[in-house]
Amino acid sequence: MSFVQIIDCRTSRIEDLNRLMDEWVEQTKGRRTATHSIVGTDRSDASHVVEIVEFPSYDVAMRNSQLPETDRIFREMVALCDEMPTFTDLDVVRDEALYKGNSRRFLALLGGGEDVALLDGVLAEGYHDHDPSNPADAIGMDAVRREVEMWRGGFDFAFTVEDQIAEGDRVCTRWTWNATHTGDFMGLQPSGIAVEMTGTLIQRFREDGKAVAGWWQYDMLGLMGQLGAVEA
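Small disclaimer: the values here were computed from a predicted structure and weren't measured.

Undergrad: Teacher, can you tell me more about the sheet that holds strand S7 (residues 155-167) here?
TA: What holds strands together in a sheet is hydrogen bonding between their backbones, with the strands either parallel or antiparallel. As summarised here, the arrangement of the six strands in space is S6-S5-S10-S9-S8-S7, forming an open sheet in which the pairing is mixed. Among the strands making up the open sheet, the edge pair consists of strand S6 (138-139) and S7. As judged from the two bridges shared by strand S5 (residues 123-130) and S6, these two strands associate in the antiparallel manner. Paired with Asp129 across the bridge in S6 is Ala138. Contacts from helix H4 (residues 96-110) reach S5, S7, strand S8 (170-181), strand S9 (194-205) and strand S10 (211-218) within the one sheet, and its direction differs from that of S7 by about 170°.

As structure tokens, then:
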């Protein structure tokens with residue numbers, strides 16, 4: 001679970017504070033564990049400054065706080081503030097940007113010949129895959145891996161993400177699939193034909209960013225037409 005720390009302070013020396021933050025980033029390069037940092041000033045009170053720092057986890061954040069430079073920078077920051085800064089520690093329970101990124105990562109892993117074991121990083125163990133071309137849903141990682149290997153056995157392919165919309169714990173991705181028919185697919189011998197499909201994938205995610213279910217929509221009939229298996 002990712003972790004966010006909010007640092008709230010008041011200062012009239014914002015430029016000095018920014019220079020101090022730049023110095024900290026430079027001195028801890030390669031060891032600083034924060035993944036994202038935002039500093040903002042209150043529109044109604046320019047002396048009110050808030051910094052939001054994101055870490056992969058609480059434990060990683062604690063390693064960052066133990067750096068000797070962090071302690072020194074903190075003491076210098078206190079000296080720049082009109083009063084003692086306050087700290088709020090937050091465990092992230094939902095991150096829609098993370099969900100969108102993992103949905104993209106999932107599609108990238110399907111193609112490209114990467115090890116299917118890497119899917120464990122973006123899919124929950126009991127992932128439920130709803131595919132209109134498969135009368136029996138694929139449930140669990142073993143079933144998902146078999147589906148992936150079936151498609152890889154028939155095509156050399158890659159997805160291009162065209163659009164993404166995230167709301168709550170769900171992400172809808174509109175994609176284009178470009179492939180070359182390189183192996184047996186549903187009884188069709190390899191033809192070398194270049195094919196294309198468009199479709200959508202809706203996925204539901206849990207708090208740690210792993211998808212627990214997915215619903216596909218795509219034009220299987222159109223694909224078979226491109227392969228000459230049915231009349232156009």
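Undergrad: For this particular structure, what's the right way to read the pattern of salt bridges?
TA: Pairing between side chains of opposite charge can happen when the charged atoms of each approach one another. Within the structure shown, the criterion is met by 11 salt bridges. Between Arg75 and Asp71 there is a salt bridge whose closest N-O contact spans 3.3 Å. Linking Arg75 with Asp71, this pair stays in helix H3 (residues 68-80), spanning four residues, or about one helical turn. In this structure, Arg145 and Asp142 form a salt bridge, with 3.0 Å as the shortest nitrogen-oxygen distance. Taken together, the residues Arg145 and Asp142, both in helix H5 (residues 141-154) and three residues apart, mark about one turn of the helix. Residue class for Asp142 comes out exposed when judged on its relative accessible area of 51%. Because the salt bridges share partners, they merge into one network encompassing Arg13, Asp16 and Arg19.

Criteria and cut-off values
- Residue positions are counted from 1 within each chain, in the order its sequence is given.
- Note on the predicted model: pLDDT of at least 70 is required for a residue's local features to be given, and 80 or more for side-chain atom pairs to be given and counted; whole-chain, interface and lining totals, by contrast, use all residues.
- Water and hydrogen atoms play no part in the side-chain values, which are based on all heavy atoms of the structure.
- We call two strands paired when DSSP finds no fewer than two bridges between them.
- Strands here mean DSSP runs of E at least two residues long; helices mean DSSP runs of H or I at least four residues long; both are numbered from the N terminus.
- The contact criterion used is simple: two residues touch if any of their non-hydrogen atoms lie within 4.5 Å.
- Throughout, an axis means a line fitted to C-alpha atoms (over the contacting stretch in the case of helices), and angles, computed between N-to-C directions, take values from 0 to 180 degrees.
- Note on definitions: salt bridges are taken to be side-chain nitrogens of Lys or Arg within 4 Å of carboxyl oxygens of Asp or Glu.
- For each residue, the accessible area found with a 1.4 Å probe, counting protein chains only, is set against the maximum for its type, and the residue is called buried under 20%, exposed over 50%, and partly exposed in between.

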